Amino acid sequence: DSILMWFRRDLRDDDNAALAEATRRARRVYCVFIFDRDILDALVDPADARVAFIHASLIELEAGLRQHGGALIVRTARAVDAIPALAAELGVDAVFANRDYEPAAKQRDAAVETALAAHRIGFEGFKDQALRDGAEVLAQSGRPLTVFTPYRNAWLRRFADDDIVPFSIQPGRLAVPPCAQGVPPLASIGFRPPADALPFQPGMSGAQAALTRFESLLGGYATARDFPALDATSGLSPHLRFGTMSIRRLVALAIGGARAGRDGAAKWLDELIWRDFYFMILDHFPHVVDGAFRREFDALKWESGATADRDFAAWCEGATGFPLVDAAMRQLRLTGWMHNRLRMLTASFLTKDLGIDWRRGEAYFAERLLDFDLAANNGGWQWSASTGCDAQPYFRIFNPVTQSERFDAEGSFIRRFVPELAAVPDRFIHAPWTLGELALAAHGLRLGVDYPRPCVDHAEARRRTLARYAAVKNGS
Ligand code: FAD
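In short, a report on the structure. (Residues numbered from 1 in each chain as written. Predicted model: local features only at pLDDT ≥ 70, side-chain atom pairs only at ≥ 80, totals over all residues. Heavy atoms only, no water.)

1. Re the site of the ligand
(1) Moving on: Around the ligand, 28 residues are found, and the nearest of them are Tyr221, Thr233, Ser234, Gly235 and Asn340.
(2) Moving on: Within the contact set of the ligand, an oxygen atom lies 2.5 Å away from a side-chain nitrogen or oxygen of tyrosine 221.
(3) Moving on: Here aspartate 371 contributes a backbone N or O atom positioned 2.9 Å from a nitrogen atom of the ligand.
(4) Moving on: When the ligand sits alone it has 820 Å² of accessible area, and the protein chains cover 95% of it.
(5) Moving on: At the level of elements, α9 (237-242), α11 (263-284), α14 (340-353) and α16 (374-384) are the ones that each hand at least two residues to the shell around the ligand.
(6) Moving on: Considered class by class, the residues forming the shell around the ligand number 16 nonpolar, seven polar and five charged.
(7) Moving on: In this structure, the shell around the ligand is formed jointly by two domains, domain 2 (130-165 + 205-284) and domain 3 (295-473), each of which donates at least three residues. (Near = heavy atom within 4 Å. Polar contact = N/O pair within 3.5 Å; in protein donor to acceptor, adjacent residues only side chain to side chain. Areas by Shrake-Rupley, 256 points an atom, 1.4 Å probe, with all protein chains shown as cover. Helix = DSSP H or I, 4+ residues; strand = E, 2+ residues; numbered from the N terminus. Nonpolar A, V, L, I, M, F, W, Y, C, P; charged D, E, K, R; others polar. Domains from an automatic or database assignment.)

Listed below in structure tokens is the structure:
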């Protein structure tokens, strides 16, 4: 009657489904986190902020588990080898973990389950990451709902207050095995902290601080959420990514507000449901990992060659000459996070202004985002590229200048990340080239020297994009 609780992207002791259930079912519960070599070895930056975020969150988790009488075993190894070996060494009856919907994670878990079975040790996965998963929300036909609004309506119909009752640890069940020796230093796993302080406070305390800040903004979320300069969204995405905050607590807050008729809370609840929706899509349609959800769009002919490579580099660096696109890409580079409106804008710009394959942009975001989540990132990219399930129609193409005028009218966000444009008057900051060289020089700006000229003509790019998609639609 002992269980090994395997933490992955659920780094909290509070309201953790698998952990709580383990303490309900066994008298001794050991806890482990594996820095998985299969994941670490694929990271390119030894100062990757995500590894530092996880590391700091583990220190807090370990302290939390100690308060409950337990401890955390931390190892650096291949999880597929290390979990069965550790489970056998500890002599546990079963390994518990919270379910992960990514194809690679499902494959890993299946391999671990098979290896454990050879030792007659069980493996159980629990729903924790999503509020609804698997086949819980389906169409009447029994098929997955691939359009958001019907999914959301079905999700809401199925909601019951029991869904958000927090899971709690049974006292006296967590145990300290001799091999638990605290969280090893970051350097021992071959990583170092990022040069700048982490832009997000890690751990359960960081999640709580973000939530406390956001509670006062929730009322205004429906209107303020679209304006990047306002910092009016929760900033909880890294915490949801690593599970330092439970989705049930957030849904409880959102449902409470929505039931009280608050627009902000209802809108925010929709975003949390989008998160479940994309987990469900990834779970049921794993082909989206490297192909279009709507397979006919795999035939799209994207730009390639030297010009596309140069455009892609300019996009990554925030040097396209379109100020709001550049500000957004620099926000990503500098902070590891980007506002949702800007993720949509930059993804649209890459695919529809530069004609570059969404998979290249998706991979760049995956490398840079602290909140990188395969389901949401892939969903967001396929939405923007019009290849996704409930996507933006291909003929709806964001105009990068109009978007800038609407969502950053005074240019305050642009000025934050593109300081070379600071002196350009508000009216021209969205498209500085329209001001003329002489007038710009009066504001201390030389286009092509201090700040790039626009790398593409939007009207022309729009025509090319319409033709690119029409060719697929017409099957030519
Ligand atoms: P809030 O507005 O406070 O929303 C609360 C939470 O709801 C978020 O933390 C997130 O978990 C969830 N959420 C909000 N919008 C979405 C959405 N459209 N899809 C799924 N979940 C959502 N989100 C990620 O978590 N990881 C990603 O890798 C990611 N990549 C994206 C790529 C593109 C091209 C696009 C268009 C969107 C992407 N998103 C991604 C969704 C969204 O932009 C972020 O979740 C959001 O900006 C995070 O900020 P926040 O926590 O302040 O959000």
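After presenting the structure, the write-up continues.
2. Brief notes about the packing of aromatic side chains
Given two aromatic rings, their pairing is described by the distance between the two centres and the angle made by the two planes.
(1) Moving on: As enumerated under the stated definition, the model contains 29 aromatic pairs in all.
(2) Moving on: Seen from their ring centres, tryptophan 302 and tyrosine 469 are 6.3 Å apart, and the 85° between their planes marks the pair as edge-to-face. Of this pair, tryptophan 302 sits in the loop between α11 and α12 (306-317) while tyrosine 469 sits in helix α21 (residues 458-473), placing them 167 residues apart in sequence.
(3) Moving on: Owing to a relative accessible area of 0%, tyrosine 469 belongs among the buried residues under this scheme.
(4) Moving on: An aromatic cluster is built from Phe148, Tyr151, Trp274, Phe277 and Tyr278, whose rings are joined through pairwise contacts.
(5) Moving on: Note that lysine 352 overlies the ring of tyrosine 469, its terminal NZ or CZ placed 5.8 Å from the centroid.
(6) Moving on: Sitting over the face of the ring of phenylalanine 312, arginine 360 holds its NZ or CZ atom 4.3 Å from the ring centroid. (Phe/Tyr/Trp six-rings, centres within 6.5 Å; stacked < 30°, edge-to-face > 60°. Buried < 20%, exposed > 50% of the residue type's maximum accessible area, 1.4 Å probe, protein only. Lys NZ or Arg CZ within 6 Å of the ring centre and 35° of its normal.)

3. With respect to the pairing of strand β4 (residues 94-98)
(1) Moving on: Within β4, five of the five residues are buried, leaving the element largely enclosed by the surrounding structure.
(2) Moving on: In the sheet, strand β1 (residues 2-7) pairs with β4 via three bridges, with the strands oriented parallel. Considered in β4, the bridge of methionine 5 is made with phenylalanine 96.
(3) Moving on: As paired strands, β4 and strand β5 (residues 122-126) are joined by five bridges and run parallel to one another. Across the sheet, valine 95 pairs through a bridge with phenylalanine 123, a residue of β5.
(4) Moving on: In this fold, β4 hands off to helix α5 (residues 103-118), which returns the chain to β5; that crossover is right-handed. (Pairing = 2+ DSSP bridges. Right-handed = clockwise from strand over helix to strand, strands pointing away.)

4. Description of the state of the cysteines
(1) Moving on: Under the criterion given, the structure shown has zero disulfides.
(2) Moving on: Here cysteine 455 is not disulfide-linked; the sulfur of cysteine 316 is the nearest cysteine sulfur, at 12 Å.
(3) Moving on: Residue cysteine 455 is classed as partly exposed on the basis of its relative accessible area of 24%. (Disulfide = S-S within 2.5 Å.)

5. Points about α11
(1) Moving on: Its 22 residues place the ends of α11 31 Å apart at the C-alpha level, agreeing with the 32 Å of an ideal helix rising 1.5 Å per residue.
(2) Moving on: With 16 of 22 residues buried, α11 is to be regarded as a mostly interior element. (Expected span 1.5 Å × (residues − 1).)

6. Re the sheet that holds β1
(1) Moving on: If you walk across this open sheet you meet the five strands as β3-β2-β1-β4-β5, and the pairing is parallel. The outermost strands of the open sheet, each flanked by one partner alone, are β3 (72-77) and β5. Taking each pair of neighbouring strands and ignoring which way they run, the sheet shows an average axis angle of 25°.
(2) Moving on: Inspection of the sheet shows strand β2 (residues 28-36) paired to β3 by six bridges, in the parallel sense. In the sheet register, isoleucine 34 faces β3, and the bridge partner there is arginine 75.
(3) Moving on: Helix α4 (residues 79-90) contacts β1, β2, β3 and β4 of the sheet and is inclined by roughly 155° relative to β2.
(4) Moving on: The sheet strands contacting α5 are β1, β2, β4 and β5, and the helix crosses β5 at an angle near 150°. (Axes fitted to C-alpha atoms, helices over the stretch in contact; angles between N-to-C directions. Contact = heavy atoms within 4.5 Å.)

7. Observations concerning the packing of α14 against helix α17 (residues 400-407)
(1) Moving on: With their axes 11 Å apart at the nearest point, α14 and α17 run at an angle of 170° to one another. Between α14 and α17, the crossing angle belongs to the class labelled roughly antiparallel. Of the residues in α17, those touching α14 at Arg341, Leu345, Phe349 and Asp353 are Pro400, Gln403 and Phe407.
(2) Moving on: Class assignment for the residues of the contact of α14 with α17 results in four nonpolar, one polar and two charged. (Parallel < 35°, antiparallel > 145°, perpendicular 65-115°, else oblique.)

8. As for the nonpolar core
(1) Moving on: Counting 96 residues, the largest nonpolar core has Trp155, Val251, Trp268, Trp315 and Phe365 as its most contacted members.
(2) Moving on: Counting residues per element, this core draws most heavily on α11, which supplies 11 residues.
(3) Moving on: Of the domains in this structure, domain 2 (130-165 + 205-284) and domain 3 (295-473) are the two that each give at least three residues to this core.
(4) Moving on: The residues contacting tryptophan 155, other than those within four sequence positions of it, are Leu131, Arg132, Val137, Val251, Leu269, Ile273 and Asp276.
(5) Moving on: Grouped together as the second largest cluster of nonpolar side chains are 35 residues, Ala22, Cys31, Leu174 and Trp337 included. (Core = buried A, V, L, I, M, F, W, Y, C linked by side-chain atoms within 4.5 Å.)

9. Some words on the packing of α4 against α5
(1) Moving on: Here α4 crosses α5 at 30°, and the two axes come no closer than 9 Å. For the pair α4 and α5, the crossing hand works out as right-handed. For the pair α4 and α5, contact is made by Ala79, Val80, Ile83, Pro84 and Ala87 and by Arg108, Ala111, Val112, Ala115 and Leu116, respectively.
(2) Moving on: Across the contact of α4 with α5, the residue classes break down as nine nonpolar, no polar and one charged. (Left-handed = near helix turned anticlockwise from the far one by under 90°.)

Functional significance is not addressed by these values, which are geometric in nature.
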